[in-house]
Amino acid sequence: MPPATSLNADQLKKLIREIPDFPKPGILFYDITTLLKDKVGLATLIDRLSEYYIARDVDLVLGMEARGFIFAPALAYRLNAGFVPVRKPGKLPAATVRHDYALEYGTNSLEIHKDAIEKGQRVLIVDDLLATGGTAEATAKLAESLGARIAGLGFVVELEFLKGRDKLKNYDVMSLLRYDK
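Residues numbered from 1 in each chain as written. Predicted model: local features only at pLDDT ≥ 70, side-chain atom pairs only at ≥ 80, totals over all residues. Heavy atoms only, no water.

## What about the sheet that holds strand E3 (residues 60-64)?
Formally: Strands are labelled as partners when DSSP assigns at least two bridges between them. Counting from the N terminus, the helices are DSSP H or I runs at least four residues long and the strands are E runs at least two residues long. Here, axes are lines fitted to C-alpha atoms. For helices the fit covers the stretch in contact, and angles between N-to-C directions go from 0 to 180 degrees. In what follows, residue pairs with any heavy atoms lying within 4.5 Å of each other are defined as contacts.
With parallel pairing, 5 strands are arranged side by side in an open sheet as E4-E3-E7-E8-E9. Edge positions in the open sheet fall to strand E4 (82-86) and strand E9 (173-179), since each of these has one partner strand only. On average, each strand axis in the sheet is inclined to that of its neighbour by 20°, with strand direction left out of account. Relative to E9, strand E8 (residues 149-159) is paired through 6 bridges, and the arrangement is parallel. Across the sheet, Leu153 pairs through a bridge with Val173, a residue of E9. Of the strands in this sheet, E3, E4, strand E7 (122-130) and E8 are in contact with helix H4 (residues 68-78), which crosses E3 at around 170°.

Okay, here's the thing in structure tokens:
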């Protein structure tokens, strides 16, 4: 029998390692590194994301530090779009704009180059995980502050029980793999 060239959602989930009590007790961490090292799993991931967004005329794919960097360039290539990194403060060399946002306990910030997006460009925001939605919402606001039109937000994994999608009601949100507990 020839090797698989594509995997379904259940097969992809089996490639994700579950680590209990990381990064703190009571948290179940979904480690995608085991999926990424599987050549069919990684190809399936990029294929599924690109199939969903191919007809949406995406100009730029934004990937958030750090795991968004894994998917965004490959997806940008498949969509014939550019890639723009969204980074933690102090990591980008040219003039930036910054967006501060609230976390459950404290705040965080993201930056993007001021000249990364031209007014009216359609951007796709990609990350590995949709949990509470704070990082994705902050990235969308940052992109919109530069005049972007959000074509969508794509995620590999969504933790539905954290209700992150609720913060993103004004956007087209797509996640490949969903966990409800």
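## What to know about unusual backbone geometry
What counts, and what does not: Relative accessibility decides the category of a residue: with a 1.4 Å probe and only protein chains considered, values under 20% of the type maximum give buried, values over 50% give exposed, and everything between is partly exposed.
At the junction of Phe22 and Pro23, the peptide bond is cis and its omega measures out at 5° in the coordinates. Relative to the helices and strands, Pro23 is located in the loop between strand E1 (17-20) and strand E2 (28-31). The linkage connecting Glu65 with the following residue, Ala66, adopts the cis geometry, with an omega of 0°. Note on placement: Ala66 falls in the loop between E3 and H4. In this structure, Asp21 is a non-glycine residue whose phi angle is positive, near 60°. In this fold, Asp21 is placed in the loop between E1 and E2. Assessed through its relative accessible area of 49%, Asp21 is described here as partly exposed. The backbone of Lys163 shows a phi angle near 60°, a positive value even though the residue is not glycine.

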